[in-house]
Amino acid sequence: MAKRHAGIVGLGTYLPSRILTNFDLEKMVSTSNQWILERTGIAERRIVDKETTSDLAAKAGLRALNDAKVKNKVRKKDVDLVIVATASPDMIFPSTACLAQEKLGLKNVPAFDILAACSGFSYGLVIAESLISSGIYRTILLIGAEAISRFVDWQDRSTCILFGDGAGAVVMQETEEGYGVLSSYLAADGGGKDLLKIPAGGAFKPASFDTVERRLHYIKMNGREVFKFAVQSIFDASVKALELAGLKVSDIDFFIPHQANKRIIDSVAKKLKIDSKKIICNIYNYGNTSTASIPLALEEIYRSGKLQRGDFILTVSFGGGLVWGANVIRWSY
Ligand code: ACO
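Residues numbered from 1 in each chain as written. Predicted model: local features only at pLDDT ≥ 70, side-chain atom pairs only at ≥ 80, totals over all residues. Heavy atoms only, no water.

We now examine helix α11 (residues 293-303). Quick reminder: α-helices carry 3.6 residues per turn. Residues three or four places apart thus point the same way. Across the eleven residues of α11, nine count as buried, placing the element largely inside the fold. Taken as a whole, α11 has its buried residues at S293, I294, P295, L296, A297, L298, E299, I301 and Y302. Elements in contact with the buried residues of α11: β1 (5-14), α3 (53-72), α5 (120-133), β7 (166-175), β11 (254-257) and β12 (312-319). Just downstream of α11 lies G305, where phi reads positive at about 85°. (Buried < 20%, exposed > 50% of the residue type's maximum accessible area, 1.4 Å probe, protein only. Helix = DSSP H or I, 4+ residues; strand = E, 2+ residues; numbered from the N terminus. Contact = heavy atoms within 4.5 Å.)

Burial within strand β4 (residues 81-85) is extensive, with five of its five residues counted as buried. Both faces of β4 are covered, namely the face carrying L81, I83 and A85 and the face carrying V82 and V84. Inspection of the sheet shows β4 paired to strand β6 (residues 140-146) by five bridges, in the parallel sense. Paired with V84 across the bridge in β6 is I143. With four bridges connecting them, β4 and strand β5 (residues 111-114) associate as parallel partners. Directly across from V82, in β5, lies its bridge partner A111. The β-α-β motif built from β4, the intervening helix α4 (residues 96-103) and the parallel element β5 has right-handed crossover chirality. (Pairing = 2+ DSSP bridges. Right-handed = clockwise from strand over helix to strand, strands pointing away.)

Before going further, it helps to examine the packing of aromatic side chains. Per the stated rule, a full pass over the model turns up five aromatic pairs. With a centroid separation of 5.5 Å and 70° between ring planes, the pair formed by Y302 and Y333 is classed as edge-to-face. Note that Y302 is positioned in helix α11 and Y333 in the segment after β13 (323-330), a separation of 31 residues in sequence. Accessibility assignment for this pair places Y302 and Y333 in one class, buried. Aromatic ring contacts, followed pair by pair, group F229, F318 and W324 into a single cluster. Across the ring face of F235, the terminal group of K271 is positioned such that the distance to the ring centre comes to 4.9 Å. The ring of Y179 is capped by R330, whose NZ or CZ atom sits 4.6 Å from the centre of that ring. (Phe/Tyr/Trp six-rings, centres within 6.5 Å; stacked < 30°, edge-to-face > 60°. Lys NZ or Arg CZ within 6 Å of the ring centre and 35° of its normal.)

Here we come to the site of the ligand. Taken together, 25 residues are adjacent to the ligand, and T31, R39, C118, R224 and N261 come closest. Within the contact set of the ligand, an oxygen atom lies 2.9 Å away from a backbone nitrogen or oxygen of G320. Elements represented by at least two residues in the shell around the ligand include exactly α2 (33-40), α6 (157-160), α8 (223-245), α9 (262-272) and β12. The biggest single contributor to the shell around the ligand is α8, with four residues. (Near = heavy atom within 4 Å. Polar contact = N/O pair within 3.5 Å; in protein donor to acceptor, adjacent residues only side chain to side chain.)

Before going further, it helps to spend a moment on the pattern of salt bridges. In this structure the tally under the stated criterion is 14 salt bridges. Note that D55 is salt-bridged to K103, the shortest N-O span being 2.9 Å. In this pair, D55 sits in helix α3 while K103 sits in helix α4, placing the two residues 48 residues apart along the sequence. Residue R75 is joined to D78 by a salt bridge in which the shortest nitrogen-to-oxygen separation is 2.8 Å. Taking relative accessible area as the criterion, R75 reaches 46% and is therefore assigned partly exposed. (Salt bridge = Lys/Arg side-chain N within 4 Å of Asp/Glu carboxyl O.)

Hydrogen bonds between backbone groups are what pair the strands of a sheet, and the pairing can be parallel or antiparallel. A sheet is described by the order of its strands in space; here four strands give the open sequence β8-β13-β12-β11, paired in mixed fashion. On the outer flanks of this sheet lie β8 (180-188) and β11, each paired with one strand and no other. The mean angle between the axes of side-by-side strands here comes to 10°, regardless of whether they run parallel or antiparallel. Bridge count between β8 and β13: eight bridges; the pairing is antiparallel. The residue of β13 that forms the bridge with G180 is R330. (Axes fitted to C-alpha atoms, helices over the stretch in contact; angles between N-to-C directions.)

Set out below in C-alpha cells:
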C-alpha cells in the first residue's frame, strides 16, 4: 500500500480581547517600554480575563473546523481525534483536550493533551501526521492553546513581560503526495530541566502553603541560558528538518519560528542566512504564546493571502524540558 501523506486542511485562531501593553507593565513591575521592546521585540500581549485554556482551544478549534468546511468540505462529524498541545492546562486531569472536546460538541471523539512546553505544536504535528499516514485516523483537530498568563508571576519582571495568551488550531487530513508535512525533527534534553519550569503543583512538589508562599507555582526561568539554548536548538532543528525534506534554506517560502524573543529570531535568521522577507514575526503584538505561537503566525500569512498552494514553510520551536523541534510543510490548499 502506498504511503499516505497528511496535511493541513483548515486553520483557525482565537485571541482574548484584553490587551496588556508594556506601559501597563511599567505600572506593575520595575521595567520600561523601551527595555522590553529592545530586549524582546514585544509591545503588547493578550491576557485572558474569565476565559480558560479550554475556552480558547474550543474557539480556535471551531474556527479551524469552519475553515476546513468552507475550503475543503470537511464536516465536524468527520473529526475522529482531538489533540491539545498546552503548557497551561486547565487542570492536570481531565485533559484540556477533553474539556475542549465537550465544548466543541464532539462527544465520544478521543481526546488527549500533549505536554511539550512551547514545542507542543511541533510535537503535535508529528503525532497527527503519523496517525493519519498510518491510516489509524482520517481527520484530526490539533490545537495549541494557552492561558499561560495564569502561570506568570506578575511580580517577576524577567518573565512577566514575555508571555501572552491565545490559541491556534489546524484540521489535518490525508493530502496528495509531495504536500502536507514533508519532514519533522524532534529532540529533548531533560538535563536542562532546571532552566525553565513551574516547580510546584505536580507530584514532585505538591501545592502547599509553603510552595504558594515561595511562589513556586509560577514560571521560573534562567533567561540567559534559555536564550543561548534557543538560538542553537532552533538552528540545529531547522537544518535537520530541511535535510530530511531534501530542501535548502533558499527553497523555503516562509520561516515560522516560535515567537519567544525577536533577538532569538534575528540571531537564528542570521545563522541560517534566510531572507528576512521570509521570516514571520508577530511577537510585537502577542508576545510568547507558547504552543499557540506557530499556528497564530501561520494564520497571519494565510489570512493575508500571501500563502499559496505549493509554498514551503519551515516551522521551528523550543521550550522547557528542554524540548525542541521543526517541521517542513508544503501548503496544500
Ligand atoms: N525590565 C528591566 N530590566 C530587566 C527586566 C525588565 N523586564 N528583566 C530583567 N532585567 C534586568 C536584569 O535584572 C539584569 O539586571 P542586572 O544586570 O542588574 O542583573 C539586566 O536586565 C539584564 O538581564 P538579562 O537576563 O541578562 O537580560 P537579557 O538581555 O538576557 O534579557 C530575557 C532577558 C528577555 C528574558 C532574555 O534572556 C530572553 O528572552 N531569554 C529567553 C527567554 C525565552 O525564550 N523563553 C522561552 C520560554 S519557552 C517555554 O517553554 C515556556
